[in-house]
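# Per-entry structural report
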Amino acid sequence: MIASIEQAIKQRLSDGLGQMVSGVHTYGGEFDGEGLAQVVNQFPAVWVMFAGITDSEPHDTRRTRYQVTGHFTVLVGDRASGPKSLLILIITFEMLFKR
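Bear in mind that the values here come from a model prediction, so they are computed numbers and not experimental data.

## Quick word on the overall build of the protein
- Across its full length, the protein holds two helices and four strands.
- Sequence-ordered secondary structure for the protein, helices as α and strands as β, is α-β-α-β-β-β.
- Against the globule reference of 13 Å for 99 residues, the protein gives a C-alpha radius of gyration of 17 Å, more extended than a compact globule.
- Across its three principal directions, the C-alpha atoms of the protein cover 60 × 30 × 20 Å.
- Of the accessible surface of the protein, which amounts to about 6700 Å², a share of 53% is contributed by carbon and sulfur atoms.
- The centroid of the 9 positive side-chain charges in the protein is displaced by 7 Å from the centroid of its 10 negative side-chain charges.

## With respect to unusual backbone geometry
- Following Phe43, the chain continues to Pro44 via a peptide bond in cis, the omega torsion being -5°.
- Of note, Pro44 is situated in the loop between helix 2 (36-40) and strand 2 (45-58).
- A positive phi angle is found at Arg63, which is not glycine, with a value near 60°.
- Locating Arg63 in the fold gives a position in the loop between strand 2 and strand 3 (66-79).

## Comments concerning helix 1 (residues 2-17)
- Over its 16 residues, helix 1 runs 22 Å from end to end, which matches the ideal 22 Å to within 8%, given 1.5 Å per residue.
- Taken together, the buried positions of helix 1 are Ile5, Glu6, Ile9 and Lys10. Down the axis of helix 1, the smallest arc covering the buried residues is 135°, so these residues share one side. The outward face of helix 1, more than 90 degrees from its buried face, is lined by the exposed residues Ala3, Arg12 and Asp15.
- After helix 1 finishes, the residue Gly18 shows a positive phi value of roughly 55°.

## Details of the confidence of the model for the protein
- The share of residues in the protein with pLDDT of 70 or more is 97%, and the mean pLDDT across the chain is 85.
- Averaged pLDDT values for the elements of the protein fall to 76 in strand 4 (residues 86-98) and rise to 94 in strand 1 (residues 24-26).

## What about the pairing of strand 2?
- In terms of strand pairing, strand 1 meets strand 2 through three bridges, oriented parallel. The partner of Thr26 across the bridge, within strand 2, is Val48.
- Bridge count between strand 2 and strand 3: twelve bridges; the pairing is antiparallel. Bridged to Pro58 within strand 3 is Tyr66.

Cut-off values and rules
Numbering of residues starts from 1 in every chain and runs along the sequence as written. For a predicted model such as this one, the threshold for reporting local features is a pLDDT of at least 70, and the threshold for listing and counting side-chain atom pairs is 80 or more; totals across whole chains, interfaces and linings nevertheless cover every residue. The basis for every side-chain value is the complete set of heavy atoms in the structure, and neither hydrogens nor water enter the calculation. Put simply, DSSP marks the helices as runs of H or I at least four residues long and the strands as runs of E at least two long, and each gets a number from the N terminus on. Each radius of gyration is computed over the set of C-alpha atoms, and the globule rule expresses the reference value as 2.2 Å times the number of residues to the power 0.38. Using a 1.4 Å probe, the Shrake-Rupley method yields the accessible areas, and only the shown protein chains count as cover for residues. Counted as positive: Lys and Arg. Counted as negative: Asp and Glu. His and the chain ends are not counted at all. Charge placement uses NZ in Lys and CZ in Arg. For Asp and Glu, CG and CD serve respectively. Helix span, expected: 1.5 Å multiplied by one less than the number of residues in the helix. Each residue is placed in one exposure class: buried if its accessible area under a 1.4 Å probe, protein chains only, is under 20% of its type's maximum, exposed if it is over 50%, and partly exposed if it falls in between. Summarising the geometry, the arc corresponds to the directions from the helix axis toward the C-beta atoms. The quantity known as pLDDT measures the predictor's confidence residue by residue, on a range of 0 to 100. Paired strands, as defined in this entry, are two strands with at least two bridges between them according to DSSP.

See the structure below:
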């Protein structure tokens with residue numbers, strides 16, 4: 001379920017942004033360590049990641065169904081004005097899942 005939601009978010013961003021970005025990707029730690037130099041060459045670009053489940057509550061009296069709160073994060077990377085200026089915008093949003 002989470003993978004299909006992430007894929008839908010990526011598809012919607014890709015459709016909406018079109019050629020304004022080089023791509024919409026799943027984030028897998030590219031900004032960490034030595035991979036950052038390769039990431040900067042892809043700017044402007046967008047990355048989507050599932051940031052985790054922050055809450056779960058029983059949704060029925062038998063406690064067999066739960067309402068879960070999950071967070072997705074969208075990272076937007078671009079070059080700001082100036083030759084060595086970078087801009088990384090982080091957007092986090094919350095979704096409720098009922099299962």
